[in-house]
Amino acid sequence: MQVKEIIKKDVVKVKRSVSLKNLLILFKDFHTFPLVPVVDEKDILVGIVSLQNVIDAFQPHKAGPFRTIAFLERDEADMFDLEILSEVGSLILVDDFMERGYISVEEDSSLEHAYHLMKLHSLDFLPVIDRAGKLEGMIGVFDLILMLFRQKGVLTV
Amino acid sequence: MQVKEAMKKDVIKVKRSTSLKNLLILFKDFHALPLIPVIAENEQLVGVVSLDNLVEILKSQESKLFRNIIFAEVDEDIFDLERVPSMGELILVDDMMSANFISLKEDTPLEKAYSIMRLHNKDQLPVVDKANKFLGIIGIFDIIWNMVKEKGIA
Amino acid sequence: METGPLLAIGILIIGGYFGGIIANKIGFPKVSGYLVVGILLSPSVLNLIPEMLINKNLNVIIDMALGIVAYLVGGSFHLDSLKKIRKDIGWVTFFEASSAGLFVALLILLFGFFPTLFNGNREFFIKTCIPMALICGAISAATAPAAVMAIIREYKARGSLTTTLLAVIALDDAIAIIFTAIAISIAQVWLGSMELFSLSKMFLLPLIYIITSIIIGGISGFFLINISKLAKTKQTLLVIVFGMIMFCVGITKMLNISPLLAVMALGFTVINKGGYSKDMFRVIDDIEDVIFAVFFTLAGAHFNLEVMKIAWAWGLIIVLGRFSGKFLGAKMGAIVAGSPLVVRKYLGLGLLPKAGVTVGLSLLIAQNPNFTNFASLLVNAMLASVIINELIAPPLTKYALFKAGEIIVKSEPEKL
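Just so you know, these numbers come straight off a predicted model, no measurement behind them.

Student: Mind showing me how you'd approach unusual backbone geometry here?
Tutor: What is expected of a backbone is that most residues other than glycine have negative phi and most peptide bonds are trans. Residue and element names in this part refer to chain B. Even without a glycine there, the phi angle at N42 is positive, about 60 degrees. Turning to its location among the elements, N42 is positioned in the loop between β1 (36-39) and β2 (45-49). Residue E43 is not a glycine yet carries a positive backbone phi of 60 degrees. Relative to the assigned elements, E43 resides in the loop between β1 and β2.

Student: Where do I start with the pairing of β2 of chain B in this structure?
Tutor: Across a regular strand the side chains alternate sides, sitting on one face of the sheet and then on the other. All names here are of chain B. In terms of burial, β2 is largely enclosed, as four of its five residues are buried. Bridge count for β1 against β2 is four bridges, and the pairing is antiparallel. If you follow P37 over to β2, its bridge partner there is V48. Where β1 folds back onto β2 in an antiparallel hairpin, the turn is made up of five residues, including N42, whose phi is positive at roughly 60 degrees.

Student: Explain the interface of chain A and chain B here, please?
Tutor: Reports often express the size of an interface as the amount of accessible area lost when the parts come together. Each side of the interface is counted separately: chain A has 36 residues, and chain B has 38 residues. Looking at the side of chain A that touches chain B, the elements that each hand over two or more residues are α1 (20-26), α2 (51-57), α3 (88-91), α5 (111-120) and α6 (141-151) of chain A. If one sorts the elements of the side of chain A that touches chain B by residue count, α6 of chain A sits on top with seven residues. Residues of the side of chain A that touches chain B, tallied by class, amount to 22 nonpolar, six polar and eight charged.

Student: What is the right way to read the sheet that holds strand β1 (residues 14-15) of chain A from this model?
Tutor: Backbone hydrogen bonds are what pair the strands of a sheet, in a parallel or an antiparallel way. All names here are of chain A. As summarised here, the arrangement of the three strands in space is β1-β2-β3, forming an open sheet in which the pairing is mixed. Whereas interior strands pair on both sides, the edge strands pair on one side only; in this sheet they are β1 and β3 (45-49). For strand β2 (residues 36-39) and β3, the ladder comprises four bridges, and the chain directions are antiparallel. Opposite V38, over in β3, you have G47 as the bridge partner.

Criteria and cut-off values
- Position numbers for residues count from 1 along each chain, tracking the sequence in the order it is written.
- Chain labels run from A onward and ligand labels from 1 onward, assigned in the order the entries are written.
- Note on the predicted model: pLDDT of at least 70 is required for a residue's local features to be given, and 80 or more for side-chain atom pairs to be given and counted; whole-chain, interface and lining totals, by contrast, use all residues.
- The way it works is that DSSP assigns letters per residue, a run of H or I at least four long becomes a helix, a run of E at least two long becomes a strand, and they are numbered from the N terminus.
- Residues are called buried when their C-beta atom has 20 or more other C-beta atoms within 10 Å, exposed when it has 12 or fewer, and partly exposed otherwise; all C-beta atoms are positioned from the backbone.
- Paired strands, in this sense, are two strands between which DSSP finds at least two bridges.
- Two residues qualify as a contact pair if the distance between their C-beta atoms, derived from the backbone, is within 7 Å.
- Three classes are used, and their members are as follows: Ala, Val, Leu, Ile, Met, Phe, Trp, Tyr, Cys and Pro are nonpolar, Asp, Glu, Lys and Arg are charged, and the others, Gly among them, are polar.

Structure (structure tokens):
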């Protein structure tokens, strides 16, 4: 079975130029933050934003060039004590804190492969792209589980 | 600010006796499985069901037995297991829920709740009152959203 | 120019990595791959790792790895799940483990006693054979889950034999570790008190060692539970858990008592008294693979061609004793417990594979300063027995499951 058969096509996606503030507003009714795909004008997947990226966005020492320096204190500064200017929300753009080195699957990959990737990187979701890199949708562990139960006749509706 | 002010109260709950099939039907249109509280009489919280518990069911009997055994080389193949339709009725929430779980008291400050969630790598936790009565679920993004609002960012 | 310890560790890990992958590809557990690569790297074959490092400088890795094993094994003893163990499983495990140990010990004693009839060399018998018999016997209780699991998975075996087999193996390693810890304590006293031998001292002193070790582990456990609450991230949690394991191993080694039991008690306390403490084991899971890769490859590197010329016979003796002990013990236990006929008949054959814990424990003996006079012999005998075992035990397990009718011969035509 291929990824495209259980893919969720209707997902919230954002452009690089979206501000942090607008991104947060987009998800204000969510309790958890999903994996958000970032696309360019032609719908080509260029990055993803995870909860960790959002948290890091509030912590200046973790954004940008410092991200990869070893031994830099990895403990998070207490988010509640950080002095954050209220303008920050409009100044920081998705482009500044999104993950460029993300993992994705192609729509014709097998489900086994997709699950293996999610397991290996402990991710609950993966963006799905076509050959040209265009975003097709997302696939989640729960979609996969539902499919497995459906396949075996446990879930019939 | 306390947890009870930011939590979500209106969540789907299940009982110990709910079957796997009925649980799946409840969530069949979800794309991501939320944390499901398991409630006894008097709204007491007795367990939680998460995505991990569902993945567990799909694993073979052996790999469950060997979870804690060293050098067992359990490879976690959930595609291989032979499943029968009747397992939908046979497996109950009681068989798969985590009875040993973390919960937050309603008056926990959000700061504290946030650090507990980060430490244990959880993005949702159940909230209870002093008598362990279930009140709601708090998600990590609920906390972040509240902080953001307080600081006037959004 | 000389190979330093870090270069050696690098070579061991990279070599082991490939060994593990190749072993998995051809249907063996990863541990076998690590061992074979280790043997290839050893001074007797490719000579890539200097002997000095293998026998001395890298000993700290052995303590580290065994400490982690014991911690995880202690953590698998969740009281709630222990209560769920069926009674018959308890009986069968007790019988097969102790009779395997007994048979191995007796055979080694016999084998060692035989030459003394001709040359009258009693010293060899007393100082080498008796402690070796004790320790090898204790180690022989272990069974390797990986090999058995692989067979059950491959052939989709199911039935009462399969279930019993899995439940028994799950307990075997823990029993072997406890047996070995006790055997080491007794052997240490035995070797240390050659002159003033008294029976009460023989048993009282080891008992004191054992109890002290468990108390140290228990206290450290409570301490760990409390100070771990200060940790705010998983990374810091790992820092303190790892630190505490090392502390426990170190202090018991300094006192010359049992690190294994102390760290097992540590894990046991954490899982049972620590509330939501799964994460305190999960963080160790994240680092265990690399430590085990270097550990088992290092174990293989203890291979010594000269010693092996004598040791293979001892290895054979161990295999023989263990096979007959497991077979008869399982049968007896199954009869006592009133298990079904297939279990009585075939369980023993299913329990023969061994690898990881066996090698681990023998390395622990080898680096114990009390046992230097037979360290190399013991490790090589155990290596030989593991290799012999690796070749004949899995087919026997397969045979047992097949005979019991729990492997169904595939009727579907081969896929083209």
